[in-house]
Amino acid sequence: MNKDLTIGSPGKSLIMFTIPLFISVMFQQMYNIADSVIAGKFAGEDALAAIGASYPITMIFMAVAVGCQIGCSVVISKHFGSGNMQMTKTCISTSLIAGTVLSVVLTVVGVLFSGLFMQWVQTPENIFDDGCLYLMIYTGGFVFLFLYNVVTGIFNSLGDSKTPLYLLIGSSVGNVILDCILIIPLKMGVAGAAWATFAAQGAACILALFLLFRRVKSMQIKGGKLFSGSELLEISKVAVPSVLQQSFISVGNLFIQYMVNGFGSSAIVAGYSAAIKLNTFAITCFTTIGNGMSSFTAQNIGANKPERIKQGFRSVLLFSLATALVFFLLFFILNQQLLSLFMNEDSSQLALDTGTQFLRIVAPFYFVVCLKLLCDGVLRGSESMGCFMAATFTDLILRVVLAAILSNAMNDVVGIWYSWPGAWAVATVMSVAFYKSGIWTKKLKARSAVNAGIEEELAEIKEKIEQIDSISAGSDSETE
């Protein structure tokens, strides 16, 4: 169901729009951490470390899927919104065909080069085989993950956000159930975690494709091409920059994982793997609020209501800070209890101490990063992509540079942890400065100028019509 964010109370409408997005995030994150929690608890510390070591590599594959999902969704939305149903159908089939080909290629690359990828991140020898096995099975099912993302993007472009949510809930629950079966009673360890993800993604993909084909058939669209090179080009124009942005973030995390692995301790890797999953959960929630802000900004810029954007920003900032407070208290006070969910009684104290240290250093700065992501939401929603990318890339580049400098200077992994607050602080200053500068209103001003020009032209036309009517009236009186 579509939602108009240009009417009603700005704060209330924005928060009510954001809350359903949180539900999706909760299940998505449960999907992502289930392997690590159950594997670490019942298969041991090395299993947790092996899955964690492959995580940055799997995120690069995920970046490609998410970027292509955005490209498909934007282009299909444009045609569907304009009422061009033939082109909508053509774009849907083009997306599925191109997506299948690309995902098969990437699946083959992932399976064949899993060992090489794990070598690139300096995976410790004692967890190398398990990490490689997990990555091989995960990428073996990448074709399902990729097509599932494309299909959910198509559903969203058709104005249906409920079907993707239901599919995500089902896939997440199924993944957890399979983890419990394959890892606990069947004792398949890392392989069990990987096959559980493979099966859950496969089932979700097949069901999503079935529902999509039935939906398109019910629309009774006549005509349309099976494949269009020009539409694939249009999709690529949006997808490629999105893939690059997502990949840049993943590559940054890959360098961080490389440095963590370089300390040569599976306990440190396991502790970091558990902590980074919790940290990702928090950051994803803040990002979701920013995404809601993007949609709110885009709609209100289209409606020429800049004041609603500022009012909504102030209201949702309090909501975002409250969310940051919850995560800060959880991670700063209950860090050991949360980290223990990923570990069993045989896990070393070093793993627990590593995760605790990371969370205690990073969590206080959630109040900073949530402000950055909210400002980024306005920039992205107003299509101020230059400013948005500048702040995003500064965060990632600075984090990697600081991690390398501080870990070498301190000769301790804790130096890597301090790179998060440092990068967040600098990038937040940039994002806030961009927001305060009002650069995000440039499209609004341009539209206002165009509207003013149109109104001026209409006034001139009206004046000429009145003059013609006056001359015509004078001619009629003379004739009489």
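Fair warning: this is a prediction, and the values are worked out from it, not measured in the lab.

Conventions adopted
Along every chain, residues carry numbers that run from 1 in the direction the sequence is written. Only residues with pLDDT of at least 70 get local features here, since the model is predicted, and only at 80 or more are side-chain atom pairs given and counted; chain-wide, interface and lining totals rely on the full set of residues. As a rule here, side-chain values come from all non-hydrogen atoms in the structure, and water together with hydrogens is ignored. Definition of nonpolar core: a set of buried residues of the types Ala, Val, Leu, Ile, Met, Phe, Trp, Tyr and Cys, connected through side-chain atoms within 4.5 Å. A 1.4 Å probe rolled over the protein chains alone gives each residue an accessible area, and that area as a share of the maximum for its type sets the label: buried under 20%, exposed over 50%, partly exposed in between. Strands are runs of DSSP state E lasting at least 2 residues, helices are runs of H or I lasting at least 4, and numbering of each runs from the N terminus. The contact criterion used throughout is that any non-hydrogen atoms of two residues lie within 4.5 Å. Centres within 6.5 Å make a pair out of two Phe, Tyr or Trp rings, where for Trp the six-membered ring is used; the pair is then stacked when the planes are under 30 degrees apart, edge-to-face when over 60, and tilted otherwise. Here, a disulfide means two cysteine sulfur atoms that sit within 2.5 Å of each other. The angle between two axes is taken between their N-to-C directions and runs from 0 to 180 degrees, where each axis is a line fitted to C-alpha atoms and a helix contributes only its stretch in contact. These descriptions rest on fixed angle ranges, namely under 35 degrees for roughly parallel, over 145 for roughly antiparallel, 65 to 115 for roughly perpendicular, and the rest for oblique. Under the scheme applied, nonpolar residues are Ala, Val, Leu, Ile, Met, Phe, Trp, Tyr, Cys and Pro; charged residues are Asp, Glu, Lys and Arg; polar residues are all the others, including Gly. Nonpolar side chains (Val, Leu, Ile, Met, Phe, Trp, Tyr) within 5 Å and like charges within 9 Å form the patches, drawn only from residues with over 30% relative accessible area and no salt bridge. Here the accessible surface of atoms and residues is derived via Shrake-Rupley with a 1.4 Å probe, and residues count as covered only by protein chains that are part of the display. Salt bridges are identified by distance alone: a Lys or Arg side-chain nitrogen within 4 Å of an Asp or Glu carboxyl oxygen. Counting rule for charge: Lys and Arg are taken as positive, Asp and Glu as negative, and neither His nor the chain ends is counted. A charge is said to be at NZ when it belongs to Lys, at CZ for Arg, at CG for Asp and at CD for Glu.

Moving on, we come to the nonpolar core. Within the largest apolar cluster, 123 residues are counted, with the highest numbers of intra-cluster contacts made by Phe 286, Tyr 366, Trp 417 and Trp 420. The leading source of residues in this core is helix H10 (residues 266–302), at 18 residues. The contact partners of Trp 420, leaving out residues within four places of it in the chain, are Ile 256, Tyr 272, Ile 276, Asn 279, Phe 358, Val 362 and Arg 399.

This part is about the packing of aromatic side chains. Aromatic ring pairs: the centre-centre distance and the angle between the two ring planes describe each pair. Here the structure, examined in full by the defined rule, presents 20 aromatic pairs. On the numbers, 4.3 Å between centres and 15° between planes, the contact of Phe 313 with Tyr 435 is stacked. One end of the pair, Phe 313, is in helix H11 (residues 306–333); the other, Tyr 435, is in helix H17 (residues 419–437), with 122 residues separating them in the sequence. Here the two residues Phe 313 and Tyr 435 agree in accessibility, since each one is buried.

Glancing now at the side chain of Ser 114. Assignment of secondary structure puts Ser 114 in helix H4 (residues 114–120). The residues contacting Ser 114, other than those within four sequence positions of it, are Cys 132, Leu 135, Met 136 and Thr 139.

Between two cysteines, a covalent bond joining their sulfur atoms is known as a disulfide. All chains considered together, the criterion is met by zero disulfides. Cys 370 supplies the cysteine sulfur nearest to Cys 375, a cysteine that is in no disulfide, at a spacing of 9.6 Å. With relative accessibility at 1%, the residue Cys 375 sits in the buried group.

The subject of this paragraph is the environment of Phe 342. Structurally, the position occupied by Phe 342 is in the loop between helix H12 (335–339) and helix H13 (349–362). Considering only alpha carbons, one finds Phe 342 and Ser 273, 69 residues apart in sequence, at a separation of 9.2 Å. Not counting residues up to four positions away in its chain, the partners in contact with Phe 342 are Ser 36, Val 37, Gly 40, Lys 41, Leu 48, Ala 274, Lys 277 and Leu 278.

This paragraph deals with the packing of helix H5 (residues 125–140) against helix H8 (residues 189–218). At a closest axis distance of 9 Å, the pairing of H5 and H8 adopts a crossing angle of 10°. Taken together, H5 and H8 sit at an angle that is classed as roughly parallel. Of H8, the residues touching H5 (which contributes Asp 130, Leu 133, Tyr 134, Ile 137, Tyr 138 and Gly 140) are Val 190, Ala 191, Ala 193, Ala 194, Trp 195, Thr 197, Phe 198 and Gln 201. Per-class residue counts for the contact of H5 with H8 are 10 nonpolar, three polar and one charged.

The grouping of Val 104, Val 108, Leu 112, Phe 113, Leu 116 and Trp 120 at the surface amounts to a nonpolar patch, some 590 Å² of accessible area in total. At the level of elements, helix H3 (85–112) and H4 are the ones that each hand at least two residues to the nonpolar patch. Broken down by element, the residue count for the nonpolar patch peaks at three residues, all from H3. Topologically, Leu 116 is positioned in helix H4.

Next up on the list: the environment of Ala 43. Inspection of the secondary structure assignment puts Ala 43 in the loop between helix H1 (10–42) and helix H2 (45–82). Looking at Ala 43, the relative accessible area reads 34%, which means it is partly exposed. Each C-alpha atom of the pair Ala 43 and Gly 189 lies 5.3 Å from the other, and the pair is 146 residues apart in sequence. Once residues lying within four places of it in the same chain are set aside, the contact partners of Ala 43 are Ile 38, Ile 183 and Gly 189.

Together, Asp 46, Glu 125, Asp 129 and Asp 130 make up a negatively charged patch on the protein surface. No other element matches H5, which puts three residues into the negative patch. Its place among the elements puts Glu 125 in helix H5. Look at Glu 125 and you get exposed, because its relative accessible area is 76%.

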